[in-house]
Amino acid sequence: MLSQPVFGDRSLTQAFDRAVIARFDEPLSLSTQALLEECTLGFAACPEGVKTFFIIAPSLDVADELIERIDSILERVAELMAGVRQVGLCILPGSEDEQSVDLPNSEKVPADSLACKFFSIICADAANDR
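Parameters and conventions
Residue positions are given per chain, counting from 1 as you read along its sequence in written order. Whole-chain, interface and lining totals are the exception, using all residues; otherwise, since this is a predicted model, local features are given only for residues with pLDDT of at least 70 and side-chain atom pairs are given and counted only at 80 or more. As a rule here, side-chain values cover all heavy atoms of the structure and leave hydrogens and water aside. The term disulfide is used for any two cysteine sulfur atoms that are within 2.5 Å. Helix and strand labels come from DSSP, where a helix needs a run of H or I of at least four residues and a strand needs a run of E of at least two; each type is numbered from the N terminus. Burial classes: relative accessible area under 20% of the type maximum marks a residue as buried, over 50% as exposed, and values in between as partly exposed (1.4 Å probe, protein chains only). A pair of aromatic rings is counted whenever rings of Phe, Tyr or Trp (Trp by its six-membered ring) have centres within 6.5 Å, and the orientation is called stacked for planes under 30 degrees apart, edge-to-face for over 60 and tilted otherwise. Cation placement over rings: the criterion is NZ of Lys or CZ of Arg within 6 Å of the ring centroid and within 35° of the ring normal. Two N or O atoms count as a polar contact when they lie within 3.5 Å, although within protein this holds only if one can serve as hydrogen donor and the other as acceptor, and sequence-adjacent residues are included solely when both atoms are side-chain atoms. For this quantity, the arc is that covered by the directions from the helix axis to the C-beta atoms. Residue contacts follow a heavy-atom distance rule, with two residues in contact if any of their heavy atoms lie within 4.5 Å. The pairing criterion is simple: DSSP has to find at least two bridges between the two strands. Every axis in this analysis is a line fitted to C-alpha atoms, fitted for helices over the stretch in contact. Angles between the N-to-C directions lie between 0 and 180 degrees.

A. Expanded view of the state of the cysteines. On inspection of all chains with the given rule, the structure shows one disulfide. The disulfide that involves C90 links it to C116, with 2.0 Å between the sulfurs. As the torsion about the S-S bond is roughly 100°, the C90-C116 disulfide counts as right-handed. In this pair, C90 is assigned in strand β3 (residues 86-91) and C116 in strand β4 (residues 115-120), connecting sequence segments 26 residues apart. For C116, a relative accessible area of 33% gives the class partly exposed.

So this is what it looks like as structure tokens:
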């Protein structure tokens, strides 16, 4: 008889995702790291099923600064997160009027409350095949 796994697939995936997120910003510039510390990070599949790394910024200003650094963020995602094909940079509309958005204390953020811009990740292997 086979033994039960210590972790279920879901808990193992969640633990792995947390570990990847914890290491995500290490090689990025200190200013980018500081911006990302203000954000909530996570993974989800978009409606089309594409695995996406989401960055939820607390304000439009933070999102704009991250867009200026998006190339280094996309490179890091491609390097660290196999299978992730896009980055969604999101803000909560109207949150720029507030100092910050306390997402961990929110029960659930409705999808229609988010504004996102998606950036595709072009894999080096796929580019070399063309």
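Still more to cover.
B. Highlighting the packing of aromatic side chains. Counted under the stated rule, the structure contains three aromatic pairs. Plain terms: the ring middles of F43 and F53 are 5.3 Å apart, the flat faces sit at 50° to each other, and that makes the pair tilted. One end of the pair, F43, is in strand β1 (residues 40-45); the other, F53, is in strand β2 (residues 51-57), with 10 residues separating them in the sequence. Here F43 matches F53 in class, with each residue buried. Between F54 and F118, the aromatic rings sit 6.0 Å apart at their centres with planes inclined by 80°, giving edge-to-face as the arrangement. With a gap of 64 residues between them, F54 in strand β2 and F118 in strand β4 connect regions that are remote in the sequence. Note on F54: relative accessible area 17%, which makes it buried. Within the aromatic cluster, the residues linked to one another by ring pairs are F24, F43 and F53. For the cation-ring pair, K51 lies above F43, with the distance from its terminal atom to the ring centre recorded as 5.0 Å.

C. Structural detail: the environment of T52. In this fold, T52 is placed in strand β2. Once the C-alpha coordinates of T52 and I121 are considered, the two residues, 69 residues apart in sequence, prove to be 9.8 Å apart. Among the polar contacts listed, one links the side chain of T52 to the side chain of Q86, at a separation of 2.9 Å.

D. A look at helix α3 (residues 60-68). Among the residues of α3, V62, A63 and L66 are the ones counted as buried. End-on view of α3: buried residues confined to an arc of 100°, all on one side of the axis. For α3, the exposed residues set more than 90 degrees away from the buried face come down to D61 and E68. Check the buried side of α3 and you find it contacts α2 (30-37), β2, α4 (70-80) and β3.

E. Representation of the sheet that holds β3. The strand order β1-β2-β3-β4 describes an open sheet built from four strands, whose pairing is mixed. Edge positions in the open sheet fall to β1 and β4, since each of these has one partner strand only. The mean inter-strand angle of the sheet, taken between neighbouring strand axes irrespective of direction, is 25°. Where β1 meets β2, six bridges bridge the pair, whose relative direction is antiparallel. The partner of G42 across the bridge, within β2, is F54. Each of β2, β3 and β4 is contacted by α3, which is oriented at about 155° to β3, the strand it contacts most.

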